[in-house]
Structures are given as C-alpha cells and as structure tokens.
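Listed below are the residues making up each chain.
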Amino acid sequence: MDNSKLKECVRTFGTPLYIFDEHTLVKRVNFLRAHLPEKTELCYAVKANTFIIPELADLVDSFEVCSPGEKRICENLSIPWNMTVISGVHKDEEMIDSLIATDAPVRAYTVESLNQFHLISKTARRYDTIIPVLLRLTSGNQFGLDAEDIKHLVCDEKDNNHVIIKGIQFFSGTQKDSIKRLDRELSKLDAFLEELKRDCGFAAQILEFGPGFPVDYFGVGKIEDEAVFLDEFAELLVQLKFTGQIVLELGRSIAASCGTYLTSVVDTKKNAGLRYAIVDGGVHHLVYFGHAMAMKQPPVRLLEPDVSSTFTEVSNICPDAQSVDGTGTLADGLWNICGSLCTAYDILVKKISIKNLCIGSVFAFDNAGAYCMTEGMLMFLSRDLPKIAVVDDTGTPQLIRSGLRTDSMNTPGLFI
C-alpha cells in the first residue's frame, strides 16, 4: 500500500495497527494461479492469518483448519464445511464428533497417527457415515505417519465401510527456495504413490503438498525471479507420474504480501552512544521468519509526516537525528527501533539510518500479512492487541477488530 493510504489509516484508527489489503491479496492469488498448472487447487492454511478468510473465500479452493478454535472461526464466518480440510497434530474426540455429527461433510480429514485414524473410523461408524481422509506422510519429525504405517492402513482398511482413504498429504517446512529440494520431495512422493499402487493396489486420488514457497522478508533471498521459480515448480508437477488431483497447501506465500504493520514512535533516547526509538508495538506483534533479535533488517519505511497531520509534531524532532552517508558512525544518526515490552529481546530494527525521526513518527513494516497477528507473544505484559483493518478492493478501509485489552484474560478468576 502507498504511504498516503497508510497515513489515512493511521489518522483514522491509530497505532499499533495491522492493515490487510484485499487488492494485493487478489493480485497475489492470481499470480500464483497464473504460474501453476491449470487444475492445481489451492488450500489456504488459516493459521497464517484468520482475518483474511472472508476475502479468500472466492479465491481459494479450500481452507486448512488445525484446531477447534480455527474450526469455530470458519463456522462463525459461514465457510462451507466442504471447503475445509480438518488437519492438525492433535484432533480431540469432541471436535471430531461435532464435525462428523453434522449433515454437511468436510472436504477431508488428515490423519497424523494410527490413533487418529481409529478415532475417525470409530466416530464415522457410530454415525453410520463415510469420511474421506488424507494420510499425512512424515518428513522425519513429530508430524504424520511413517511410510510403513501408511502402507499397512491402505492395505488393511480397504474394506472399511466408513473411511475412504483419498490420498496423501505431505508438508516438510516453510521458506523453501530450492527447486532441487522441491524436486527431491516430489520425486519421493511420486515413487511412494507408485509403491502403494504396486504393493497395495491403492491408487491415490489426491496429493496434498505443502511446497513452503519462500517470502523474501529481508532482501537476501536466493530467488531472483519468482515467476521463473514458479514456472520451474509447475514443470515438476507436470512431470509427475501421479495423475490425480494436486492440492497445494499455502499460508505464508498467499498472505504475507497483503499485510502492513504500523507502529508509532513514543519515545527517543541515547544510551551509551546508541540511539533508541521506542514504539507502541513490538516483537509481540511482528513475527518475521528468521528475524530474531533483529539479526536481519525487515522491510520497513518511515512515513513522512503531512503538513496537516496531527500524528507527528515537527517540534519533536530529535536533535542530531539526521541520517548519514556511508562514512558516518552510529552517533551520527543511526537508530535502533525497539518495542514496548520489558525484555531485551524486543528489537525490531538495528542501526537504521533515518532522517527527521520524531516522537509520533510512524513506521510501516511490509510483508506482515502472515503469522504476525497469530503467532506473536500477544499476551505478554498484558498490553492491548493491535487494531486490525482491511482495505477492500475499492480502497476503503474498515476496522474489523478493535485494540482489545488482554489484562482481563491474564487476571486470575475472571474467566472461571
């Protein structure tokens, strides 16, 4: 989003604030689809950002739901159950029962363990219904099933009248910027599916694959041209022996670019020769993969104040705060941007050169559309949650969550 629209949102809603831009979101999904094989489906992992689910309802084919809370969110937003894939390493009996008891079946359940399979099968039998499942193949960690367990299930459960094994799910991580790595993973999956067909007579209908497409948060990514990268990945899909439905599970790659995080400078100081600007947000709001302790500089810009703006006072400009050229020292105008938490961990940016930094100045952090609002330490220090606004395709901003207080949730006895 351009600075003028961001400043308008700051004047209207204040900070700290997340802005999610529908136009950017639509453009991103269309870009992905344009570089993938025509019939490839997109499954959005709602854990990346639950606040853009309504905007994605007509853009993606399905939603991955990993907890009872995410289930309730989709339910409250009237997302059709046949658009949901019920996933997650822990599926409790109450959640499974409530879903299978409904007349509207979900698209599929993923199976992370033999116990999960038997729970789903037992519940389906009790309601005398048929449940479609995807067996998750482990990548060598706590998630999914071993290949041998999957082979036993597809061989032993052929005559199960209440569970239909539709295919395989696989996800090994995020920020994968190597076509060679993706090629290795897809080749192994392809070979495994052929093995299941040969040894068990099982022909998978669906392969749900999490490619973990990277987002270049810090300008140091290995991908020079994402369009070329996606075209090469698409060619890998085309070359598979597997001829069933391919579903790509994506979260970060869909959501990151649509989000901007806005936070205001509330104090400035110089300690031991180092300049610090304290903002009203912090690392509990801003989660970039690989950003710990500001070891890398994220995409950030300082919004220049308008003459008519009330959120920046020119008289508050800090002395000696002018930026320096390449020969300058830290004392000549470099700043460390820190948040409002009482921890040395709360550093957003280190040693950034800034002109005319003011108390009241606003920093805009780009690519903040994924995980920031769902993965951060939002309850720490009982500070209020940031406001959230969505800018629709007409350019109109709308507040969709106020700056909720968290102190009540951290007070003993209030929610017993």
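All values reported here derive from a predicted model rather than from experimental measurement.

*Asks:* Describe the nonpolar core, naming the residues involved and giving the relevant values.
*Replies:* Judged by nonpolar contacts, the single largest core of 102 residues is most densely connected at Leu135 and Phe233. Sorting elements by how many residues they give to this core places helix 8 (residues 179-200) first, with 8 residues. Counting residues in each nonpolar core, the second largest holds 12 residues, with Leu6, Cys9, Leu17 and Leu303 among its members.

*Asks:* Any details on the pattern of salt bridges? Residues and values, ideally.
*Replies:* Following the criterion strictly, the structure yields 18 salt bridges and no others. The residue Arg136 makes a salt bridge to Glu112 at a minimum N-O spacing of 2.9 Å. Highlighted residues: Arg136 in strand 6 (residues 131-136) and Glu112 in the loop between strand 5 (108-111) and helix 6 (114-126), separated in sequence by 24 residues. Accessibility expressed as a relative area gives 4% for Glu112, which makes it buried. It is possible to trace a salt-bridge network through shared partners that takes in Lys151, Glu195, Arg198 and Asp199.

*Asks:* How would you summarise the pairing of strand 9 (residues 245-250) if you had to cite specific residues and measurements?
*Replies:* Buried residues dominate strand 9, accounting for 5 of its 6 residues. As paired strands, strand 2 (residues 41-45) and strand 9 are joined by 4 bridges and run parallel to one another. The partner of Cys43 across the bridge, within strand 9, is Glu249. The β-α-β motif built from strand 8 (residues 206-210), the intervening helix 9 (residues 226-238) and the parallel element strand 9 has right-handed crossover chirality.

*Asks:* Can you tell me about the packing of helix 7 (residues 147-156) against helix 8, naming the residues and giving the values?
*Replies:* It is at 10 Å that the axes of helix 7 and helix 8 come closest, and there the two elements cross at 40°. As the angle between them shows, helix 7 and helix 8 are arranged oblique. Taken as a pair, helix 7 and helix 8 cross one another with a handedness that is right-handed. Contacts between helix 7 and helix 8 involve Ala147, Ile150, Lys151, Val154 and Cys155 on the former and, on the latter, Phe192, Glu195, Leu196, Asp199 and Cys200. Of the residues belonging to the contact of helix 7 with helix 8, the class tally is 7 nonpolar, no polar and 3 charged.

*Asks:* Break down the packing of aromatic side chains for me, with residues and values.
*Replies:* On inspection of all chains with the given rule, the structure shows 11 aromatic pairs. Look at Tyr217 and Phe218: their rings are 6.0 Å apart centre to centre, the planes differ by 55°, and that puts the pair in the tilted class. The residues Tyr217 and Phe218 share a single accessibility class, namely buried. Between the aromatic rings of Phe218 and Tyr288, the centroid separation amounts to 6.2 Å while the plane-to-plane angle is 80°, which identifies the pairing as edge-to-face. Placement of Phe218 in the loop between strand 8 and helix 9 and of Tyr288 in the loop between strand 11 (274-279) and strand 12 (300-303) is noted, with a sequence separation of 70 residues between them. By way of ring pairs, the aromatic residues Phe170, Phe209, Phe213, Phe229 and Phe233 are connected into one cluster. It is Lys176 that lies over the ring of Phe171; its NZ or CZ is 6.0 Å from the centre. Looking at Arg275, its charged tip hangs above the ring of Trp335, at a distance of 5.7 Å from the centre.

*Asks:* Hey, could you go over helix 7 for me, with residue numbers and the actual values?
*Replies:* All buried positions along helix 7 are accounted for by Ile150, Lys151, Leu153 and Val154. Angular distribution of buried residues about the axis of helix 7 spans 165°; they occupy a single face of the element. In this structure, the buried side of helix 7 is in contact with helix 6, strand 6, strand 7 (163-171) and helix 8.

*Asks:* Provide a residue-level description of the environment of Ile246, including the pertinent values.
*Replies:* Its location among the elements puts Ile246 in strand 9. Once the C-alpha coordinates of Ile246 and Ile206 are considered, the two residues, 40 residues apart in sequence, prove to be 6.0 Å apart. Other than its neighbours up to four places away in sequence, Ile246 contacts Lys39, Thr40, Glu41, Leu207, Leu237 and Leu240.

*Asks:* Please set out helix 1 (residues 3-13) residue by residue, giving values where relevant.
*Replies:* Considered for burial, the residues of helix 1 that qualify are Lys5, Leu6, Lys7, Cys9, Val10 and Phe13. Contacts made by the buried residues of helix 1 are with strand 1 (17-21), strand 10 (259-271), strand 12, strand 15 (362-365), strand 16 (387-391) and strand 17 (397-401). Of the residues trailing helix 1, Gly14 is marked for its positive phi of about 80°.

*Asks:* Could you give me a rundown of unusual backbone geometry, with the residues and numbers involved?
*Replies:* At the junction of Thr15 and Pro16, the peptide bond is cis and its omega measures out at -5° in the coordinates. Within the secondary structure layout, Pro16 lies in the loop between helix 1 and strand 1. Unlike most non-glycine residues, Asp128 shows phi in positive territory, near 50°. On the basis of relative accessibility, which here comes to 62%, the residue Asp128 falls in the exposed class. Here the phi dihedral of Leu381 falls at roughly 70°; this positive angle occurs in a residue that is not glycine. Mapped onto the elements, Leu381 comes out in the loop between helix 11 (372-375) and strand 16.

*Asks:* Can you lay out the sheet that holds strand 4 (residues 84-86) for me, pointing to particular residues and giving the numbers?
*Replies:* With respect to topology, 8 strands assemble into a closed barrel ordered 2-3-4-5-6-7-8-9, the strand pairing being parallel. Ignoring strand direction, the axes of neighbouring strands in this sheet form an average angle of 30°. With 2 bridges joining them, strand 4 and strand 5 adopt parallel strand pairing. Bridge pairing links Ile86 to Tyr109 in strand 5. Running at roughly 155° to strand 6, helix 7 makes contact with strand 6 and strand 7 of the sheet.

Definitions and cut-offs
- Residues numbered from 1 in each chain as written.
- Predicted model: local features only at pLDDT ≥ 70, side-chain atom pairs only at ≥ 80, totals over all residues.
- Heavy atoms only, no water.
- Core = buried A, V, L, I, M, F, W, Y, C linked by side-chain atoms within 4.5 Å.
- Buried < 20%, exposed > 50% of the residue type's maximum accessible area, 1.4 Å probe, protein only.
- Helix = DSSP H or I, 4+ residues; strand = E, 2+ residues; numbered from the N terminus.
- Salt bridge = Lys/Arg side-chain N within 4 Å of Asp/Glu carboxyl O.
- Pairing = 2+ DSSP bridges.
- Right-handed = clockwise from strand over helix to strand, strands pointing away.
- Axes fitted to C-alpha atoms, helices over the stretch in contact; angles between N-to-C directions.
- Parallel < 35°, antiparallel > 145°, perpendicular 65-115°, else oblique.
- Left-handed = near helix turned anticlockwise from the far one by under 90°.
- Contact = heavy atoms within 4.5 Å.
- Nonpolar A, V, L, I, M, F, W, Y, C, P; charged D, E, K, R; others polar.
- Phe/Tyr/Trp six-rings, centres within 6.5 Å; stacked < 30°, edge-to-face > 60°.
- Lys NZ or Arg CZ within 6 Å of the ring centre and 35° of its normal.
- Arc of directions from axis to C-beta.

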